[in-house]
Amino acid sequence: MIQAVIFDFGNVLCSFRVTTFFENLARHSTTTVERFQALMPEISHLAIAYETGLMSSEVFFLRFSELTGIRIAREDFIRSYTTIFTPIEGTFEAIRRLKGRYRLGLLSNTNEWHFEYSIRTVEVFPLFDAVTLSYEVRAMKPAPAIYNDMLRKLGLPAETCVYFDDLQENVDAGAQAGMQARLFTTPEQMHEDLAKLGVTV
């Protein structure tokens, strides 16, 4: 019997586009979107270190600025970096309906600024019973440690938890951790998957 429903954040609770970040930055600097895109391998390396908790927010800002050559106020950078998310209303509504009947978890590969300025400000955030963040755990999905942290916080057997993520490798890792793991595509598909597990939304 399912006792908890666990959600990824990006493209499950909120959709996002990295290009939006680059477009935001381009409005505050002379660096073009194309230049940022050309530096994506290096930017991705910085992002992974930041999301794994190996780099502070201030160091990330400094290294990103050095890499791309931008000159931008810290506040403008944070705003550009964090205003990239759009709520997926169908998921928000499902969370509201599930609250009180099931324990709810949020399991996200993220960093300090995305959490502080984006994740914790969404209206459904207070409804979660347990929150596991990669930069705090210092492990990113699909590493087992991040799933184990969530299960420990929920205090439930893995098989009683259903987990939704938009990336198959993270779904597979959730299944390896013992969860009922499902690939998220749309809120409607999520409802169908939950129904098959005996969970009504």
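The preceding data block contains the structure.
Draft legend 1. Spatial organisation of the pairing of strand β6 (residues 161-165). Extensive coverage of β6 is indicated by the burial of five of its five residues. Because side chains alternate across β6, one face comprises the buried residues C161, Y163 and D165, and the other comprises V162 and F164, equally buried. Where strand β1 (residues 4-7) and β6 come together, four bridges link them in parallel fashion. Bridged to V5 within β6 is V162. Of the strand pairs in this sheet, β6 and strand β7 (residues 180-183) are connected by four bridges, and their pairing is parallel. Within β7, the position partnered with Y163 by the bridge is A181. In this view, the connection linking β6 to its parallel neighbour β7 by way of helix α10 (residues 168-176) has right-handed handedness.

Draft legend 2. Spotlight on the side chain of T20. Inspection of the secondary structure assignment puts T20 in helix α1 (residues 18-26). On the basis of relative accessible area, T20 is assigned to the buried category, the value being 16%. Here R17 takes part through its side chain, which lies 2.7 Å from a polar atom of the side chain of T20. Among all residues touching T20, those that are not within four sequence positions of it are T83 and I84.

The rules behind the values
- Per-chain numbering applies: the sequence of each chain, read as written, is numbered from 1 onward.
- Totals for whole chains, interfaces and linings use all residues, but because this is a predicted model, local features are given only for residues with pLDDT of at least 70 and pairs of side-chain atoms are given and counted only at 80 or more.
- In computing side-chain values, all of the structure's heavy atoms are included and hydrogens and water are not.
- Classification of residues uses two cut-offs on accessible area relative to the type maximum, computed with a 1.4 Å probe and protein chains only: under 20% is buried, over 50% is exposed, and between them is partly exposed.
- Every helix listed is a DSSP run of H or I at least four residues long, and every strand listed is a run of E at least two residues long, numbered separately from the N terminus.
- Here a strand pair is declared whenever DSSP counts at least two bridges between the two strands.
- Crossover handedness is defined by viewing with both strands directed away from the observer: a clockwise path from the first strand over the helix to the second marks the crossover as right-handed.
- Within 3.5 Å is the distance limit for a polar contact, defined as a pair of N or O atoms, with the added protein rule that one can donate a hydrogen and the other accept it, and that residues adjacent in sequence qualify only through two side-chain atoms.
- Any pair of residues with heavy atoms lying within 4.5 Å of one another is described as a contacting pair.

This is a description of form; function is not addressed.
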